[in-house]
Amino acid sequence: MRHLNLISLLVADYDGAIAFYRDALGFTLIEDNDMGGGKRWVVVAPRPDAETRILLAKAANPEQAARIGEQTGGRVFLFLHTDDFAADHARMTAAGVKFLEAPRHEPYGTVAVFEDLCGNRWDLLQPA
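How each quantity is defined
- Along every chain, residues carry numbers that run from 1 in the direction the sequence is written.
- Local features in a predicted model are, by the rule used here, given only for residues with pLDDT of at least 70; side-chain atom pairs are given and counted only at 80 or more, and totals for whole chains, interfaces and linings are based on all residues.
- To get the side-chain values, all heavy atoms of the structure are used, and hydrogens and water are removed first.
- The pairing criterion is simple: DSSP has to find at least two bridges between the two strands.
- Runs of H or I in DSSP of at least four residues are treated as helices and runs of E of at least two as strands, each being numbered from the N terminus.
- To obtain each axis, a line is fitted to C-alpha atoms, and for helices this fit is confined to the stretch in contact; angles are then taken between N-to-C directions over 0 to 180 degrees.
- Any two residues having at least one pair of non-hydrogen atoms within 4.5 Å are treated as being in contact.
- In the sections that follow, a salt bridge refers to a side-chain nitrogen of Lys or Arg positioned within 4 Å of a carboxyl oxygen of Asp or Glu.
- Working definition: with a 1.4 Å probe on protein chains only, accessible area under 20% of the residue-type maximum means buried, over 50% means exposed, and in between means partly exposed.

- Per an unreviewed UniProt entry, the protein chain goes by Enzyme related to lactoylglutathione lyase and derives from Caulobacter ginsengisoli.

A short note on the sheet that holds strand β4 (residues 53–58)
Alright, step 1. Reading across the sheet, the four strands line up as β1-β4-β3-β2 and stay open at both edges, with mixed pairing between neighbours. This sheet does not close on itself; its edge strands, each paired only once, are β1 (6–11) and β2 (28–36). On average, adjacent strands in this sheet sit at an angle of 25° to one another, irrespective of strand direction.
Alright, step 2. Two strands pair when backbone bridges link them, and β1 and β4 are joined in this way by six bridges, in the parallel orientation. Counted as the bridge partner of Leu6 is Arg53 from β4.
Alright, step 3. Along the sheet face, helix α1 (residues 14–24) touches β1, β2, β3 (39–45) and β4 and points at about 10° away from the line of β3.

Side note on the pattern of salt bridges
Alright, step 1. Counted under the stated rule, the structure contains eight salt bridges.
Alright, step 2. Salt-bridge contacts for Asp23 lead to Arg22; the nearest nitrogen and oxygen are separated by 2.8 Å.
Alright, step 3. The salt bridge partner of Arg104 is Glu101, with a shortest N-O separation of 2.2 Å.
Alright, step 4. Under the relative-accessibility criterion, Arg104 is labelled partly exposed at 28%.
Alright, step 5. One salt-bridge network, held together by shared partners, links Asp15, Asp32 and Arg40.

Right, here's the structure in full:
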């Protein structure tokens, strides 16, 4: 069996990124291991048993830093599925998550685009 295990996401700061994903998005911190030299292995996931997780990778040089928040050229990058859109949207809004639009109903489900702390665009989506 194959599955997508990790997606690497450039961030400016480990602790700020952990706080955002854990506290604002409600993700679980799976790993936070010091690798020496200021580098850490930081993995978060929408739930503890999620097969696909996000590696929060601190930019290591100016070239990487310039791409923080721009890994997809301004397009929606990641899609966070939920089974309770209204509750998650309300919780995330209260936690300071910046939604770029009001929730809308599409044939495929209820959706709203939001930005993470670095400016990457996500869909919060409850499939129809």
